[in-house]
Amino acid sequence: MTFACPSNLYASVFGSSKQYRESSNIKIDKDAITRFLTDLTQESWSKQSIANGMSLPLKFNSLEQEVNSLALVDILNTGHGFRKELHAGSGRGAFSTIIFGVMTLHITNTPTTAEDLIKLSAPTVGELFGIKLDEEKPTELQFIKKLEISVSYKLAEQLQGILNETGRILKQKGFSDLGTFVVDAAKKAEGSAEKFSEILINTFPAFQDYSDIDGKSVYIFKKALLLASSLERRFAATESLFAFTDIKESPIFADNVIPTMMTHLGILVLPENLKHTMEENGVTTVEESYRLRAAAIDGCREIVEMANKTGGDRVGTVNYGEKGMLNVDLDVYLWRIAKEPQYRQLPRFACKETIFF
């Protein structure tokens, strides 16, 4: 069955996330939001919330070529559940592994046309992305070890699946590569990040980040929303094509980092049946991960709403600029501070069964 993106995409993400958070019995502590905004400093916000968009240290011959690489990074942006194995095998985390792989594709002049994406195998993907595909295991015989398929081989298969499927769809629709499709989608979107995201979601299953649980749909769409924001930040000043005027209305890009930070800050209060997800080596089911990610979207909406109050209701002292605090900027802020030493070791939930974050 062909997936159809809900109308009013942003409203659907916000509305379904709020509904799903409430049905999951995840609470939002407004006193914790007040403390967060009161303690937030101008220096910290200005330093950590401003992003100019991803710019790969590579030479590109055209806009389409650069967009192709950025779009590949985004559609392949997964693997958080293999963080431990990836660090052990290559010293890189999940996102760094994706960046490494896409840069390798470009540097080695490995073709990424629709036809070429269709042909990629898991072993080739593993080699290009630096993913360890086998590991030595001891045997009953002393000094003798055997090679077995590694845990992270599954990630290589997931990436292969995304690339093969993307290639088939591009070929079917008559596009030479992903970059060409994305540029065309931006033209059709006519300055709307919401419409741009809808086109991506309606076309590629790797962007269809939603779930039907408890008889209701919850919409997250992390990758599609993130790509719109990344391209806007990277090109808006120079390419009107990506100067999306409605990016200020976008929800956050919910992964496992943002819910972890919000739980640590006391903003999200988890019920007993979800507290295990925030413990050391916390593993979630796909359903549990959707509950946590939906709560993060709704929690950030609440933070932004409180931060933008004026007059006697104003909380904190930070000047967020003419547009006020935006969800997309709050996402960047929380994601970046999560990388600081005092937060980097916080346990993050992990799910190896998803390709969406």
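Our subject is the structure that appears above.
A brief report on the enclosed structure follows.

### Regarding the overall build of the protein chain
Part 1 of the reasoning: In terms of helices and strands, the protein chain carries 16 helices and six strands.
Part 2 of the reasoning: Taken over C-alpha atoms, the radius of gyration comes to 21 Å for the protein chain, in line with the 21 Å a tight globule of 357 residues would show.
Part 3 of the reasoning: When its C-alpha atoms are laid out on the principal axes, the protein chain stretches across 70 × 55 × 45 Å.
Part 4 of the reasoning: In the protein chain, the proportion of contacts linking residues at least 24 apart, taken out of those at least 6 apart, comes to 76%.
Part 5 of the reasoning: Accessible area of the protein chain: about 16,500 Å², with a carbon and sulfur share of 49%.
Part 6 of the reasoning: Looking at charge distribution, the protein chain has the averaged site of its 40 positive side-chain charges lying 1 Å from that of its 46 negative ones.

### Digging into helix H4 (residues 63-75)
Part 1 of the reasoning: Given a rise of 1.5 Å per residue, 13 residues ought to cover 18 Å, and the 18 Å separating the end C-alpha atoms of H4 matches this to within 8%.
Part 2 of the reasoning: Among the 13 residues of H4, 11 are classified as buried, and the element is accordingly described as predominantly covered.
Part 3 of the reasoning: Considered for burial, the residues of H4 that qualify are Leu-63, Glu-66, Val-67, Asn-68, Ser-69, Leu-70, Ala-71, Leu-72, Val-73, Asp-74 and Ile-75.
Part 4 of the reasoning: Lining the buried residues of H4 we find helix H6 (94-107), helix H9 (153-173), helix H10 (178-189) and helix H12 (222-235).

### Some remarks on the environment of Phe-129
Part 1 of the reasoning: Among the structural elements, Phe-129 can be located in helix H8 (residues 122-129).
Part 2 of the reasoning: Phe-129 sits in the buried class, given a relative accessible area of 1%.
Part 3 of the reasoning: With 20 residues separating them in the primary sequence, Phe-129 and Ile-149 have C-alpha atoms 16 Å apart.
Part 4 of the reasoning: With residues up to four places along the chain from it excluded, the contact list for Phe-129 reads Leu-76, Arg-92, Thr-97, Ile-98, Phe-100, Gly-101, Val-102, Leu-105 and Leu-159.

### A short note on the layout of surface pockets
Part 1 of the reasoning: Space inside the largest pocket adds up to approximately 960 Å³.
Part 2 of the reasoning: Lining the largest pocket are 37 residues; nearest its centre among them are Met-54, Asn-77, Phe-95, Leu-226 and Trp-335.
Part 3 of the reasoning: Contributing elements (two or more residues each) for the lining of the largest pocket: H4, helix H5 (83-90), H6, H12, helix H13 (257-264) and helix H15 (327-337).
Part 4 of the reasoning: The element best represented in the lining of the largest pocket is H12, accounting for seven residues.
Part 5 of the reasoning: Its residues assigned to classes, the lining of the largest pocket shows 15 nonpolar, 12 polar and 10 charged.
Part 6 of the reasoning: Taken as a whole, the second largest pocket encloses approximately 490 Å³ of empty space.
Part 7 of the reasoning: Along its surface, the second largest pocket is lined by 19 residues, and Arg-83, Lys-84, Asn-281, Arg-348 and Ala-350 are the ones closest to its centre.

### Digging into the nonpolar core
Part 1 of the reasoning: Judged by nonpolar contacts, the single largest core of 122 residues is most densely connected at Leu-37, Phe-129, Phe-196, Phe-242 and Met-325.
Part 2 of the reasoning: In terms of residue count, helix H14 (residues 286-307) provides more of this core than any other element does, 11 residues in total.

### Digging into the pairing of strand S5 (residues 216-219)
Within a regular strand, the side chains alternate between the two sheet faces.
Part 1 of the reasoning: Looking at chain direction, strand S4 (residues 210-213) and S5 are connected through four bridges and run antiparallel. In the sheet register, Asp-212 faces S5, and the bridge partner there is Ser-217.
Part 2 of the reasoning: Linking S4 back to S5 in an antiparallel pair, the connection comprises two residues, with Asp-214 at a positive phi of about 60°.

### As for the packing of aromatic side chains
Part 1 of the reasoning: Throughout the structure, instances matching the rule amount to 15 aromatic pairs.
Part 2 of the reasoning: A centroid spacing of 5.2 Å and a plane angle of 90° characterise the contact between Trp-45 and Tyr-320, whose relative ring orientation is edge-to-face. Of this pair, Trp-45 sits in helix H3 (residues 42-48) while Tyr-320 sits in the loop between H14 and H15, placing them 275 residues apart in sequence. Each member of the pair, Trp-45 as well as Tyr-320, carries the same accessibility label: buried.
Part 3 of the reasoning: Their ring planes at 80° and their centres at 5.0 Å tell us that Phe-181 and Phe-204 sit as a pair that is edge-to-face. You can see Phe-181 sitting in helix H10 and its partner Phe-204 sitting in the loop between helix H11 (193-203) and S4, a full 23 residues away along the chain. Here the two residues Phe-181 and Phe-204 agree in accessibility, since each one is buried.
Part 4 of the reasoning: Ring pairs connect the aromatic residues Phe-3, Tyr-210, Tyr-219 and Phe-221, which therefore count as one cluster.
Part 5 of the reasoning: Directly above the ring of Phe-100 sits Arg-92, whose terminal nitrogen or CZ lies 3.7 Å from the centroid.

Rules and cut-offs
Residues numbered from 1 in each chain as written. Predicted model: local features only at pLDDT ≥ 70, side-chain atom pairs only at ≥ 80, totals over all residues. Heavy atoms only, no water. Helix = DSSP H or I, 4+ residues; strand = E, 2+ residues; numbered from the N terminus. Rg over C-alpha atoms; globule rule 2.2 N^0.38 Å. Contact = heavy atoms within 4.5 Å. Areas by Shrake-Rupley, 256 points an atom, 1.4 Å probe, with all protein chains shown as cover. Lys, Arg positive; Asp, Glu negative; His and termini not counted. Charge placed at Lys NZ, Arg CZ, Asp CG, Glu CD. Expected span 1.5 Å × (residues − 1). Buried < 20%, exposed > 50% of the residue type's maximum accessible area, 1.4 Å probe, protein only. 1 Å grid on protein atoms, 1.4 Å probe; cavity = no way out; pocket = protein on both sides within 12 Å on 5 of 7 lines; lining within 4 Å. Points joined across faces, edges and corners; volume = space filled by probe spheres on them. Nonpolar A, V, L, I, M, F, W, Y, C, P; charged D, E, K, R; others polar. Core = buried A, V, L, I, M, F, W, Y, C linked by side-chain atoms within 4.5 Å. Pairing = 2+ DSSP bridges. Phe/Tyr/Trp six-rings, centres within 6.5 Å; stacked < 30°, edge-to-face > 60°. Lys NZ or Arg CZ within 6 Å of the ring centre and 35° of its normal.

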